[in-house]
Amino acid sequence: MLFAMICKDKPGKLQVRLDTRPEHVAFLEGLNGEKKLAFAGPFLDADGKPDGSLVVVEAPDLASAEALSAADPYAKAGLFESVEIRQWNWTFNKPASA
């Protein structure tokens, strides 16, 4: 099943995001290679700078999705002010391969 991770950055932590981005991208590439990543990308503030993330993963249950979220280098670096993980149903415009 799919789980959406809705992550909000702590204020003033853009540099943490930038510094940790290579490890975060490698982490997502690993999930993608394991067929666990549906899609991901940053939320942007009014100035077009990243201030959060939306990551949708395939996981058997909430506990597994929470474990994936906790393993994200952004989470380990203390970037996020909050993380909400919700089961999600991809209804419209779902790619045939998803």
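Given the structure is predicted, the values throughout are model-derived calculations rather than measurements.

Undergrad: So, the packing of aromatic side chains: which residues are in play, and what are the values?
TA: Enumeration according to the criterion identifies four aromatic pairs in this entry. Residues Phe39 and Trp90 carry aromatic rings whose centres are separated by 5.1 Å and whose planes lie at 80° to one another, so their mutual orientation is edge-to-face. Here the residue Phe39 occupies a position in strand β2 (residues 37–44), and Trp90 occupies one in the segment after β4 (80–88), the gap between them amounting to 51 residues. Note on Phe39: relative accessible area 29%, which makes it partly exposed. An aromatic cluster is built from Phe39, Trp88 and Trp90, whose rings are joined through pairwise contacts.

Undergrad: Got a sec to walk through helix α2 (residues 62–71)? Specific residues and values, please.
TA: Turning to α2, its buried residues number three or more, namely Ala65, Leu68 and Ser69. Burial along α2 is one-sided: seen end-on, the buried residues are contained in an arc of 100°. Next to the buried residues of α2 lie β1 (2–9), α1 (14–33), β3 (50–58), α3 (73–76) and β4. Sitting at the amino-terminal end of α2 is Asp61, which places a side-chain oxygen 3.3 Å from the backbone nitrogen of Ala63.

Undergrad: Can you break down the pattern of salt bridges residue by residue, with the values?
TA: Under the definition given, this model contains four salt bridges. Put simply, Lys8 and Glu81 hold a salt bridge, and the shortest N to O gap is 3.3 Å. Of this pair, Lys8 sits in strand β1 while Glu81 sits in strand β4; the two residues are 73 residues apart in sequence, bridging distant segments of the chain. A residue is classified by how much of its surface remains accessible, and Lys8, at 46% relative accessible area, is partly exposed. Given the relative accessible area of 42%, Glu81 is considered partly exposed.

Undergrad: I'd like to hear about the pairing of β1, residue by residue, with values.
TA: A regular strand carries its side chains on alternate faces of the sheet. Within β1, six of the eight residues are buried, which leaves the element mostly enclosed by the surrounding structure. Where β1 meets β4, eight bridges bridge the pair, whose relative direction is antiparallel. In the strand pairing of β4, Cys7 is matched with Val83.

Undergrad: Describe the sheet that holds β1, naming the residues involved and giving the relevant values.
TA: The antiparallel open sheet is built from four strands, whose spatial order is β2-β3-β1-β4. Strands with a single pairing partner mark the edges of an open sheet, and in this sheet they are β2 and β4. Direction aside, the axes of adjacent strands within the sheet are offset by 15° on average. Running at roughly 15° to β3, α1 makes contact with β1, β2, β3 and β4 of the sheet.

Reading guide: rules and limits
Residues numbered from 1 in each chain as written. Predicted model: local features only at pLDDT ≥ 70, side-chain atom pairs only at ≥ 80, totals over all residues. Heavy atoms only, no water. Phe/Tyr/Trp six-rings, centres within 6.5 Å; stacked < 30°, edge-to-face > 60°. Helix = DSSP H or I, 4+ residues; strand = E, 2+ residues; numbered from the N terminus. Buried < 20%, exposed > 50% of the residue type's maximum accessible area, 1.4 Å probe, protein only. Arc of directions from axis to C-beta. Contact = heavy atoms within 4.5 Å. Polar contact = N/O pair within 3.5 Å; in protein donor to acceptor, adjacent residues only side chain to side chain. Salt bridge = Lys/Arg side-chain N within 4 Å of Asp/Glu carboxyl O. Pairing = 2+ DSSP bridges. Axes fitted to C-alpha atoms, helices over the stretch in contact; angles between N-to-C directions.

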